[in-house]
Amino acid sequence: MKNYDVAIIGAGPAGLSAALYAARGGLSTVIFEKGLVGGQITLTNDVENYPGLEKTLSGFELVERMKKQALQFGAEIREEGVKAIGLQGNCKLIETTKDEYSSKAIILATGAHSRKLSVPGEEKYTGRGVSYCATCDGALYRNKIVAVIGGGDSAVEEALFLTRFAKKVYLIHRRDQLRAVQTVQNRAFENEKLEIIWDTVVQEIKGDKFVEGLELYNKKSKTTMTLPVDGVFIYVGIIPNNSLLESRVTLDKGGFVVVDQNMHTNIEGIFAAGDNVSKTLRQVVTAASDGAIAGFSVEKWIVENKENFK
Ligand code: NAP
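Let me sum up the structure you'll find in this document. Just so it is clear, the structure is predicted and the values come from calculations on it, not from any experiment.

## Structural notes on the site of the ligand
Thought 1: What surrounds the ligand is a group of 17 residues, the closest being D153, E157, R175, R179 and Q283.
Thought 2: Take N49: an N or O atom from its side chain is 3.0 Å from an oxygen atom of the ligand.
Thought 3: When the ligand is considered free in solution it has 920 Å² of accessible area, and contact with the protein chains removes 77% of it.
Thought 4: Classifying every residue of the shell around the ligand gives 3 nonpolar, 8 polar and 6 charged.

See the structure below:
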């Protein structure tokens, strides 16, 4: 069984940054990634708030750079999904879709995935007008009418991005105030193609072969209306990917992993970093920061516990 000092699960910005720090610190380091390297940020078209970028970069380009840097320092990336993690004495056992491995420490950098709206029509029309990725599908809606659901940073930023293609973008939010940061809100208020429909929830996504409209309910006026749209982009938050150790690692009420300032979980030798961690600010820069702390802390933890690994 191949043994590593540290096994990192997930190759998004948190995992890649953890790998950079761990490998650069001299640890044998492997990252397991079941999907595409890069995680959720690869779905973002323009990253403009990561320090050091003179001009915007796509999420994909940014993580490609992170990947190259981690590999340069000797980290390995294995395209294998992790099925189970076991604890055996001081060792961690990792069962993947291809093999079994052991490590001294683990960093859970498993990220998060899109929350579903859970309304009739959502599943039926996914891929036929319902999308969770404006970067992937936005160009299909040139000169069409689309709706974006949600009021957070993702919804407002992606609604703005969609105005490059669509002739009209409705932003449908369940309250009378957006959650997104003020600068992004201001850009939305100023954009003539973007109209915000306040205090409104989607009751149903309707169509024939493709989406044709939304059944909306205004919570203040208590009225329903049908809004004709060609596409709907759902950005109503994220759910952490914490199923691997959820029964053993301490989670907050939202299901995010609770860590200390060293990104250490309640289990000795298991660290966590990135969007799956309990925190207030989820950005590429905070994911990279979590990863750096986790990679550094693992190195320190292994040195402190070296007697246990003889
Ligand atoms: P979020 O901040 O949790 O916002 C989710 C939005 O969806 C909220 O406006 C929420 O409404 C709404 N919502 C939730 N459930 C709903 C439902 N069932 N029906 C209708 N609306 C619903 O999620 P996010 O925008 O995906 O962002 C996730 C994290 O990534 C955040 O920490 C965010 O700051 C960060 N992020 C940062 C950037 C950036 O800095 N460039 C970009 C994207 C995301 P309420 O407001 O009423 O709760």
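## A short note on the state of the cysteines
Thought 1: In this structure the tally under the stated criterion is 1 disulfide.
Thought 2: Bridging C133 to C136, the disulfide has an S-S length of 2.0 Å. Residues C133 and C136 share a disulfide whose torsion about the S-S bond is about 80°; that sign makes it right-handed.
Thought 3: Owing to a relative accessible area of 7%, C133 belongs among the buried residues under this scheme.
Thought 4: A residue is classified by how much of its surface remains accessible, and C136, at 48% relative accessible area, is partly exposed.

## Considerations on empty space enclosed by the protein
Thought 1: Tallying each qualifying case throughout the model produces 1 cavity of 30 Å³ or more.
Thought 2: Approximately 60 Å³ is the volume attributed to the largest cavity.
Thought 3: If you trace the largest cavity, you find it lined by L108, T110, N241, N242, S243, L244, L245, E246, V249, L251 and V257.
Thought 4: Its residues assigned to classes, the lining of the largest cavity comprises 6 nonpolar, 4 polar and 1 charged.

The rules behind these values
- Residues numbered from 1 in each chain as written.
- Predicted model: local features only at pLDDT ≥ 70, side-chain atom pairs only at ≥ 80, totals over all residues.
- Heavy atoms only, no water.
- Near = heavy atom within 4 Å.
- Polar contact = N/O pair within 3.5 Å; in protein donor to acceptor, adjacent residues only side chain to side chain.
- Areas by Shrake-Rupley, 256 points an atom, 1.4 Å probe, with all protein chains shown as cover.
- Nonpolar A, V, L, I, M, F, W, Y, C, P; charged D, E, K, R; others polar.
- Disulfide = S-S within 2.5 Å.
- Buried < 20%, exposed > 50% of the residue type's maximum accessible area, 1.4 Å probe, protein only.
- 1 Å grid on protein atoms, 1.4 Å probe; cavity = no way out; pocket = protein on both sides within 12 Å on 5 of 7 lines; lining within 4 Å.
- Points joined across faces, edges and corners; volume = space filled by probe spheres on them.

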